[in-house]
Amino acid sequence: LRVGYIAADNDAIPESLRRLGIDVVMLDANALAFGNLSQFDAIVLGLRAYELRADVVASNSRLLDYAAGGGTLIVQDQRPPIWDALKPAPFPATMGPGPRVTDENAAVTFTDPASPLLNFPNKIAAHDFDNWVQERGLYFWEKWDPQYHTVLSMHDPGEKDLLGSLLWVRTGKGTYIYTGLSFSRQLPEGNAGAFRLFVNLLSQSRAKGK
């Protein structure tokens, strides 16, 4: 896999992916504005990218065009105020107060076991959510256009089920994915299940060709 990565905060995910042998290219403002984005199997936005990098906001339409042209665009957790103000997704989606699941052992169920995100190249099972650290995730979506597909359901003890931790949609010839799952904590810890799921997200451009 060849992945373009847009880092904004201290982000250990690129190096974690390189340990798997993935070719990770860090994307600066020039690359976002003028570079050949079609060379990447996937482009990943790191935490708070829209909040901390004005060039990402300026190039958002180009990123959406990349996805529509056949790429896979993965957006990791962004904070509610900037997200809801910018509306950067291809179809409407809002966070509101930013739902989250803070219990790292919260049960995870699959809303769509046949989802490509759960089946290529790795078959994701319940045990892939074992041994997570600190939390399941945060800054989940609260509301979204019905064109999006949900994948997971989870909740903290005594609270209602949340479906906004991982959603995806076909846009043009490609795939747009939003996730609030805490990959930024799990991958540096070497959590195998989190790696398997994240590789699935990165691989969706290849899955469609199978």
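Above this text sits the structure in question.
For the structure given in this document, a descriptive report is provided here. Everything numeric here is computed off the predicted structure, so don't read it as measured data.

## Brief notes about the environment of R136
Next up, step 1: You can see R136 is positioned in the loop between β6 (108-110) and β7 (143-144).
Next up, step 2: Along the backbone, R136 and S165 are 29 residues apart, and their C-alpha atoms lie at a distance of 8.8 Å.
Next up, step 3: Apart from residues lying up to four places away in sequence, R136 is in contact with V101, D103, E104, N105, A106, V108, F129, M154, G180, L181 and S182.
Next up, step 4: For R136, the side chain forms a polar contact with the main-chain oxygen of A106, separated by 2.8 Å.

## Describing the environment of R170
Next up, step 1: Within the secondary structure layout, R170 lies in strand β10 (residues 166-171).
Next up, step 2: Of the residues examined, R170 reaches a relative accessible area of 35% and is grouped as partly exposed.
Next up, step 3: For the pair R170 and L63, spaced 107 residues apart in sequence, the C-alpha to C-alpha distance is 14 Å.
Next up, step 4: A distance of 2.6 Å separates polar atoms of two side chains, one belonging to R170 and the other to T175.

Criteria and thresholds
- Residues numbered from 1 in each chain as written.
- Predicted model: local features only at pLDDT ≥ 70, side-chain atom pairs only at ≥ 80, totals over all residues.
- Heavy atoms only, no water.
- Helix = DSSP H or I, 4+ residues; strand = E, 2+ residues; numbered from the N terminus.
- Contact = heavy atoms within 4.5 Å.
- Polar contact = N/O pair within 3.5 Å; in protein donor to acceptor, adjacent residues only side chain to side chain.
- Buried < 20%, exposed > 50% of the residue type's maximum accessible area, 1.4 Å probe, protein only.

Everything listed is a geometric property; what it means functionally is a separate question.
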